Each structure stands twice: as structure tokens, then as C-alpha cells.
There are 2 protein chains.
Amino acid sequence: MNDLFLRACRGEHVERVPVWMMRQAGRYLPEYRRVRERADFLTMCRTPELAVEVTLQPVDLIGVDAAIIFSDILVVPQAMGMGLSVDEGVGPIFHAPLKHEDDFAQLREPDPREALAYMLDALRLARRELDGRVPLIGFAGAPWTLASYMIEGRGTKQFAKAKRLLVERPDLAHDLLAKLADQVGRFLVAQVEAGAQAVQLFDSWAGALGERDFREFALPYMARAAQHVRPTGVPVIAFAPGAAWALEEIAEATGASVLGLDWTMDATTAHARTAALPVSRQGNFDPCWLYAPPAEIRRRAHAMCDAFGGQRHVANLGHGILPDVPPAHALAFVEAVQEWRPA
Amino acid sequence: MNDLFLRACRGEHVERVPVWMMRQAGRYLPEYRRVRERADFLTMCRTPELAVEVTLQPVDLIGVDAAIIFSDILVVPQAMGMGLSVDEGVGPIFHAPLKHEDDFAQLREPDPREALAYMLDALRLARRELDGRVPLIGFAGAPWTLASYMIEGRGTKQFAKAKRLLVERPDLAHDLLAKLADQVGRFLVAQVEAGAQAVQLFDSWAGALGERDFREFALPYMARAAQHVRPTGVPVIAFAPGAAWALEEIAEATGASVLGLDWTMDATTAHARTAALPVSRQGNFDPCWLYAPPAEIRRRAHAMCDAFGGQRHVANLGHGILPDVPPAHALAFVEAVQEWRPA
């Protein structure tokens, strides 16, 4: 049984650096696209057999050291009553974004064991099918990121509607974020009960907030969600891309075992910033570097491993893998990490 | 004659902090929208009378301490032969993005005095009409930002095509960036000759690059463009939003008089990072904070001025003003800066 990933998350000694890739169950794999031809994105999320099939593909085809359950962060707002469509390429769309005070009040707070049973079933099935080959990761979106999608209705560049709420109606924003933090926290605990051996919290739109707003509206609620998970003892990976300035504060506030690192920092900088923190580090290869020729990918992956030094490091990309990356390049990245040893 | 802006750029003592707003000649003003109803965006850029009319609106209506000529950073690639449409709301689109080696080779390098005469005429006319009331700012896009638009064809989130070129064909990327640096540099010098009293270089997509790529593909070419301007003696404002980590390197490499600061840092952090550098600072109010009630805008604007201390500071937003900000809120921001005095 390959438990390198879990040991690296816990800061235990590892013989080699474990590696997985965010969005590794994704469109860059022809095998994924074949499943996707048979079902739309949300149907794949809601059908455990399909979700597990694509969850396992990168383990079988690329040889990653961890599986992450195939799902989407927006299943939580959907379970709270918000109609959702996901069109890969365009991105997710909420049919009726939150606008009026009533919209906020009408959000449901269902038991995730019921409302999100399909994802928990997928986790159980994935654990069975993995049969100990590699650990299984669960995940959820952090409250600020979910809230901003729920208000905007879709991804935007500026997040002006969501940020407008923060200054116009901070009371409403705090209520929503608190509700989301507990909903997400309970969901993550349910995922652990269903078999997730680590969980990642994605605050994907952390970079839309400046320091002041991040500290008031994002960090405390990401921390509140993470605190739900602490009694379970499974590692929490806290990932807030675009907020590299806040790494120390994120580690402190969330108590996460692992800090996710985006690609904006060189690995040497990322290591310098995190080496003294009581966390493991996950990241941070620029996904666009996977377009380089495989020999160059290998050089850069080795340089990343050199920078982190081989311990308390889970190699990963600094953002999701892009859909037009050749699978051979993803394989080159994974193999380069797995063959690397400290000098 | 109000030359507070120029004195603050040069680091000279000012009695009060000058203020202007990026994209101040823009859709948030009903008076701008009335001009825009008569002509499309690029026609406004290419018609000096219209460009000057909207350039002067924020001086007359909001009382800003500097005017910036109405134009667009993409007029440079357009002058080099690339067909362009600009649809406000959707953003600019190049009809035939650069793809093949031939596309790169076919780019023209025209004399900006001819190919961009319409913008230089607008600058001359604006200087006449301003008649010394406030200084006039020219601008251009920095090479990396222009290159990424030329390759992508439009703004994107990931800039994957442009970044792909950097790893697949670094030779082609460097050739394009060098060409753009000289084209932009010559254009800025022509703007100074036509009456611009300061120029701003916008590297709007700096944040799409990690450290390594920024240092190889963005910074040297932004610096090369800035160096063209140095003999003219007018202040250069270097603005690379999303690359706050690089402020010290940008100041050093470009020799800019003024560092533009985005909204991602609190003003206290921005001041701490820049106080010891031989530059003035421009920024950095979060544009979304202009949605706050005017009394709150005033408090936050004063806090920003407090943080920078009143000297070597040009108050501005940390990004362009958003189109749905009430003009009264823009006015509250400008007046709050203008009434502020150090404690």
C-alpha cells in the first residue's frame, strides 16, 4: 500500500516525494472525454459509478500517488437549493444568483449525509475500488469562494457584485459565510466518514480580495470550516490561490496540515516562506509549464523537488491541469517527481 | 496651475496629495455614456475631438488632479497590422491572433508618429484645452501584456496560449517582446513630444506569470520600453498589477519615477514595502470599495492617505474604476483625498 501522500501530509519521513495533480480526473485524458461523451458534467458527479471511473483513471493511467474524488465545489450551494448548470469550457452557472435579502434567507441547510449522499456513495465506492493502492482525497470549496459564485452566478474577473455585498451589506455577507462554513465543515466530516483520508479546502477566489477583506470575509470562515474536521484527525489541505501573501496566516488560522501553494511563486521562494511553518507544502508547478517538451518538464520538476528538499512536500501543480495538455506531458511530470532523490 | 501630480511623481514636496483614477474617463460617467452613444469605442479613440471630450470630463466633473488621454493599450498591436474590435462589456478582440511563425514575422514596425498620429493629435488638443489646469498623462501597454493579447486574441483567465509560447518557442516570444518594447518605447517618446507630461506603462497581465517567467519575459521588456523615455525626463509610472511580489525589482529594472500599486495589498503594507525605495507610489484603493456608502469611502480614503503619509504619493485606485460605480461615490473618494492632511 502506497501511503506516501498521507505520510507527507502528516510531516512524516518519506522515501520519495508523492505526487498528484489538481483536476487530474479531467479533460486532458482521452479516457475521461469518453466517459464525458456519455453523460454531462453534473450527471457524472451524481452517478457514483461514473465519478469513480474517472477518479481512478489518473491512478491507473498516470500513476499518481493519490486519488481525488471527482466532483465539483458547487454541489454544496446546489444542495442548499440553488439551481446549477455546469458546462465545461464555459464554467458553472447558477440560474438564480443571490440578490435580495429573501434569497439569502431562503437557503436551505440540509444534512449533507442526505443532500450530498451521491458524493459520499462515490467516496465509499472509490475506496473499495482503490483497495488501498493510493489514498483518497475529498474536498470542498471554502465559504468565500462559494459565496462569490452564489452572488455572481458564475466566475468573473472582478467579482464586483460579491465584493459590493461586502461593503454594502457586511451583515448579510457574514451571515451567509457563517452558514456556508458550517455546511462545508459538516460536509467534509461526512466525507471523512465515507472514506476520505484527507480533505482539501479550495478558496479558489481568495485572490479577488485584498488583505483587509480576506482577513474579514475569507480566512475566518475557511478556518471555521477546517475546524469541523479537526476531531477526525485526517489531514486538511488549505489552498487559497492568489493569496500567497497570506500563507503564514492561513496556516495559523486553519490549523491545516498542508498548505497548498499556487504557481505564482518560484519553488525556492515558496520553500523559503514555508520551511519554518508547522505544515507540509503542496504544489506548485505552473500548469502551463506542462506545455514544455518533456525533457524540460523533467528539469523543472526536479528543480521544484530540489527547492522543497524532499520532505513535508506533496508535489502537485499550482493550479488545475489544463485540458489541452498532452497526457504524455502529465506522465513526464509525475515520473520526474517519482524518480527524483535529494542530491 | 495645479502641478501637484507632477511634483508628487518627482518626489517633490506637495501641500496635499494629488488624486486621479484609472479609467476615470469611463462608463461610470453619464456624460461619457452620452458620447459613447454617438460613436463606438475605437472611433472615440481615433477621433481627437471625442477622445479629448471624455478625457476632460473627470477633470471638470470630479475634479481630479490629472487627466489621462482616452485611448486603449491595444492601439499599438493594431498599428502593427492586427485587426481589432473593442466591444465594451465583452472586451477587445483581435480578428486573427498570432499563431504561426509567419504571423509573427509579418508584424509591421511603423513610425508611431504616423501610424498613431490620431492619439498624438488628441494629446496636443487635450494639452491646449486643459490650458494648464492639470497635467496630462500618456500611456501604453507593456510588451508582455500586449503580446499575450496578440496571441490569445482576447483576455482570458489562464493565458494558456501565450504562456504555452513561452515554453514551446521562447525564441519567438523573445523576438516579439523585443519588437514590442521598442515600438512601445518609441510611441511613449512620441506622446511626450506631443504633450504628455508623464506616461504610465500598464503591464496589466503581469499576474499571469510566475516569478521565473515574469523575470524572463515581462520585466526586461517593460524596462526596455521605459528606457526609451528616460532621455525625455518625464516621469514614468510602472504598473504591474498582480505582481506585488516584484515591486522592488520593477523599481530597479525600469528606473520608473512612480510605482503603481494594485489593491491587493493594504496601504500600510504597500507603504512598508516601498517607503525605502527611490520612487513615488501611486494607488491603491480597492475599486470595489467605491460601492461603500460615501462616509465609509471617506474613512477608508483617509486611512490610505494616513498609511502613505502624504508625500511621494499619488492617490489612485488599485485598478480601473468599475462602470456601475455611482459618480457621487467617485467624487467622495476624490474629495476625501483632497481634504486630507497629515495628523
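Data block above holds the structure.
Here is a short report on the structure shown in this document. (Residues numbered from 1 in each chain as written. Chains lettered and ligands numbered in written order. Predicted model: local features only at pLDDT ≥ 70, side-chain atom pairs only at ≥ 80, totals over all residues.)

So, about the overall build of chain A. What chain A contains, in helices and strands, is 16 helices and nine strands. For 343 residues, the compact-globule formula gives about 20 Å, and the C-alpha radius of gyration of chain A, at 19 Å, lands near that figure. Taking the principal axes of its C-alpha atoms as reference, chain A extends roughly 60 × 45 × 35 Å. Expressed as a percentage of its 343 residues, the buried residues of chain A come to 57%. Considering only contacts within chain A whose residues lie at least 6 apart along the sequence, 74% involve residues at least 24 apart. (Helix = DSSP H or I, 4+ residues; strand = E, 2+ residues; numbered from the N terminus. Rg over C-alpha atoms; globule rule 2.2 N^0.38 Å. Buried ≥ 20, exposed ≤ 12 C-beta atoms within 10 Å, placed from the backbone. Contact = placed C-beta atoms within 7 Å.)

This part is about the environment of Ala307(A). Residues and elements named next belong to chain A. On the secondary structure map, Ala307 appears in helix α15 (residues 294-308). Of the residues examined, Ala307 has 16 C-beta atoms within 10 Å and is grouped as partly exposed. Distance from Ala307 to Thr269, taken between C-alpha atoms, is 8.5 Å for residues 38 residues apart in sequence. When residues no more than four places from it in sequence are discounted, the contact partners of Ala307 are Ala267, Thr268 and His271.

The next point concerns the sheet that holds strand β1 (residues 67-68) of chain A. Residue and element names in this part refer to chain A. Strand order in the open sheet made by the seven strands is β1-β4-β5-β6-β7-β8-β9, with parallel pairing throughout. For this open sheet the edge positions go to β1 and β9 (313-317), each flanked by a neighbour on one side alone. Taken together, the five bridges between strand β8 (residues 280-285) and β9 define a ladder with parallel strand orientation. Looking at β9, one finds that Phe285 is bridged to Leu317. (Pairing = 2+ DSSP bridges.)

Here we come to the packing of helix α14 (residues 267-274) of chain B against helix α15 (residues 294-308) of chain B. Residues and elements named next belong to chain B. Running from N to C, α14 and α15 cross one another at 20 degrees; their axes reach a closest spacing of 8 Å. In terms of orientation, α14 lies roughly parallel with respect to α15. Where α14 crosses over α15, the handedness of that crossing is right-handed. Of the residues in α15, those in contact with Ala267, Thr268 and His271 of α14 are Ala303, Met304, Ala307 and Phe308. Looking at side-chain class alone, the contact of α14 with α15 contains five nonpolar, two polar and no charged residues. (Axes fitted to C-alpha atoms, helices over the stretch in contact; angles between N-to-C directions. Parallel < 35°, antiparallel > 145°, perpendicular 65-115°, else oblique. Left-handed = near helix turned anticlockwise from the far one by under 90°. Nonpolar A, V, L, I, M, F, W, Y, C, P; charged D, E, K, R; others polar.)

Val199(A), Leu201(A), Ala238(A), Val199(B), Leu201(B) and Ala238(B) are the most contacted members of the largest nonpolar core, which totals 267 residues. Once residues lying within four places of it in the same chain are set aside, the contact partners of Val199(A) are Ile137(A), Gly138(A), Phe139(A), Leu188(A), Gln191(A), Val192(A), Val229(A), Val234(A) and Val236(A). (Core = buried A, V, L, I, M, F, W, Y, C linked by C-beta atoms within 7 Å.)

Glancing now at the pairing of strand β6 (residues 236-239) of chain B. Residue and element names in this part refer to chain B. Covered by surrounding structure in β6 are Val236 and Ala238 together with Ile237 and Phe239, the residues of both alternating faces. In terms of strand pairing, strand β5 (residues 198-202) meets β6 through four bridges, oriented parallel. Each bridged residue has a counterpart across the sheet, and for Gln200 the counterpart in β6 is Ile237. In this region the chain leaves β5, passes through helix α12 (residues 211-229) and returns to the parallel neighbour β6; the handedness of that crossover is right-handed. With helix α13 (residues 247-254) bridging β6 and the parallel strand β7 (residues 258-260), this β-α-β connection has right-handed handedness. (Right-handed = clockwise from strand over helix to strand, strands pointing away.)

Before going further, it helps to examine the interface of chain B and chain A. On the chain A side, the residues contacting the 21 residues of chain B number 21 residues. Counting residues per element, the ones that place at least two in the side of chain B that touches chain A are α10 (160-168) and α12 of chain B. Residues belonging to the side of chain B that touches chain A are distributed by class as follows: nine nonpolar, four polar and eight charged.

What follows concerns unusual backbone geometry. With an omega of -5 degrees, the peptide bond between Gly283(A) and Asn284(A) qualifies as cis. Here Asn284(A) is to be found in strand β8. One non-glycine residue, Asp131(A), lies in positive phi territory at about 50 degrees. By the secondary structure assignment, Asp131(A) is in the loop between α8 (117-130) and β4 (136-141). Positive phi outside glycine occurs at Arg312(B), with the angle close to 50 degrees. Here Arg312(B) is to be found in the loop between α15 and β9 (313-317). The buried category is assigned to Arg312(B), around which 26 C-beta atoms lie within 10 Å.

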